[in-house]
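Residue strings, one per chain:
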Amino acid sequence: MYLRRIAGERAAWAAWGLAAAFYVVALFHRMSLGVASLDATERFHLAPGTIATLLALQLGLYLAMTIPAGVATDRIGPRRALALGLAAMAVGEIAFGLATSAPLALGGRALVGAGDAFIFLSVLRVAQNWFPASRYALLASLTGLAGALGQLGTTIPPG
């Protein structure tokens, strides 16, 4: 019985840890344009106001999509929602990276924002599904810490 409980706890921590790692990635990508805005201004030959529009669009879509993402997470489960969010973010980052004009860059950042909405809610749902309610506050705090690590990662200069 004791070994089964330990194996169950390890599996729970592994599931949450993987989901939290995805949240680190999501926050990294959410914040990356803010750090690289000067480079983006030069690359796309855009005014700083347009770069700010990219940031606002991404954040606005993240906020607008949180409720639909929560409903989707409830319907399809957190694993599929995580995969959907990561896929949308990956396509968005590829589109942004290959963009040659402002509309394409806007579309890429929009996908990043929409995909990002699925990640945080799914990580919290993984915590809810795998752990007792008494640990939920700890896991929510650790999830926030994971996001902060992703934000810090954007400040590390490229080698």
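Residues numbered from 1 in each chain as written. Predicted model: local features only at pLDDT ≥ 70, side-chain atom pairs only at ≥ 80, totals over all residues. Heavy atoms only, no water.

S.K.: Teacher, can you tell me more about the overall build of the chain here?
M.R.: For the chain, the helix and strand inventory stands at six helices and zero strands. Across the chain, helices and strands are ordered from the amino to the carboxyl terminus as α-α-α-α-α-α. Within the span of the chain, comprising 159 residues, buried residues form 36% of the whole. The contacts of the chain with a sequence gap of at least 6 include a subset with a gap of at least 24, amounting to 78%. When the accessible surface of the chain is split by element, carbon and sulfur atoms take 70% of a total near 9,000 Å². Seen as two clouds, the 11 positive and the 6 negative side-chain charges of the chain have centres 16 Å apart. (Helix = DSSP H or I, 4+ residues; strand = E, 2+ residues; numbered from the N terminus. Buried < 20%, exposed > 50% of the residue type's maximum accessible area, 1.4 Å probe, protein only. Contact = heavy atoms within 4.5 Å. Areas by Shrake-Rupley, 256 points an atom, 1.4 Å probe, with all protein chains shown as cover. Lys, Arg positive; Asp, Glu negative; His and termini not counted. Charge placed at Lys NZ, Arg CZ, Asp CG, Glu CD.)

S.K.: Teacher, can you tell me more about the nonpolar core here?
M.R.: The nonpolar side chains of soluble globular proteins are, as a tendency, buried together. In terms of nonpolar packing, the biggest core is built from 17 residues, with Trp16, Tyr23, Leu82, Ile119 and Val123 touching the most fellow members. For this core, the secondary structure elements donating two or more residues are α1 (2–35), α4 (78–98), α5 (102–130) and α6 (136–153). Here the element with the most residues in this core is α1; it accounts for seven residues. Setting aside its immediate chain neighbours within four residues, valine 123 contacts Trp16, Ala19, Ala20, Tyr23, Leu82 and Thr143. (Core = buried A, V, L, I, M, F, W, Y, C linked by side-chain atoms within 4.5 Å.)

S.K.: What should I look at first to understand a nonpolar patch on the surface in this one?
M.R.: A cluster of nonpolar residues, Leu145, Leu149 and Leu152, forms a patch on the protein surface that exposes about 300 Å² of accessible area. For leucine 145, the location among the structural elements is in helix α6. (Patch = residues over 30% accessible without salt bridge, like charges linked within 9 Å, V, L, I, M, F, W, Y side chains within 5 Å. Salt bridge = Lys/Arg side-chain N within 4 Å of Asp/Glu carboxyl O.)

S.K.: Got a minute to help me understand the environment of leucine 59 in this structure?
M.R.: The topology assignment puts leucine 59 in helix α3 (residues 48–76). Separated by 50 residues in the primary sequence, leucine 59 and arginine 109 place their C-alpha atoms 9.2 Å from one another.

S.K.: I tried to follow α4 on my own but got confused; where do I start?
M.R.: Think of an α-helix as turning once every 3.6 residues; residues three or four places apart then point the same way. When the terminal C-alpha atoms of α4 are compared, their 30 Å separation across 21 residues agrees well with the 30 Å that a helix rising 1.5 Å per residue should span. Every buried residue of α4 is accounted for by Pro78, Ala81, Leu82, Gly85, Ala88, Met89, Gly92, Glu93 and Phe96. Here the buried residues of α4 occupy an arc of 135 degrees about the axis, which is enough to place them on one side. Exposed side chains of α4 directed beyond 90 degrees from the buried face belong to Arg79, Arg80, Ile94 and Leu98. (Expected span 1.5 Å × (residues − 1). Arc of directions from axis to C-beta.)

S.K.: Help me understand the pattern of salt bridges in this model?
M.R.: Two side chains carrying opposite charge are able to pair once their charged atoms lie near each other. Tallied over the full model, the rule gives three salt bridges. Measuring nitrogen to oxygen at the nearest pair gives 2.5 Å for the salt bridge that ties aspartate 116 to arginine 30. With aspartate 116 in helix α5 and arginine 30 in helix α1, this pair connects stretches of sequence that are 86 residues apart. Arginine 30 matches aspartate 116 in its accessibility class, with the two residues each being buried.

S.K.: Sorry, what's going on with the environment of phenylalanine 96 here?
M.R.: Among the secondary structure elements, phenylalanine 96 is positioned in helix α4. When near neighbours in sequence (up to four residues on either side) are disregarded, phenylalanine 96 contacts Leu33, Arg43, Phe44, Leu54, Ala105, Gly108 and Arg109.

Everything listed here is a matter of coordinates, which is why it stays silent on function.
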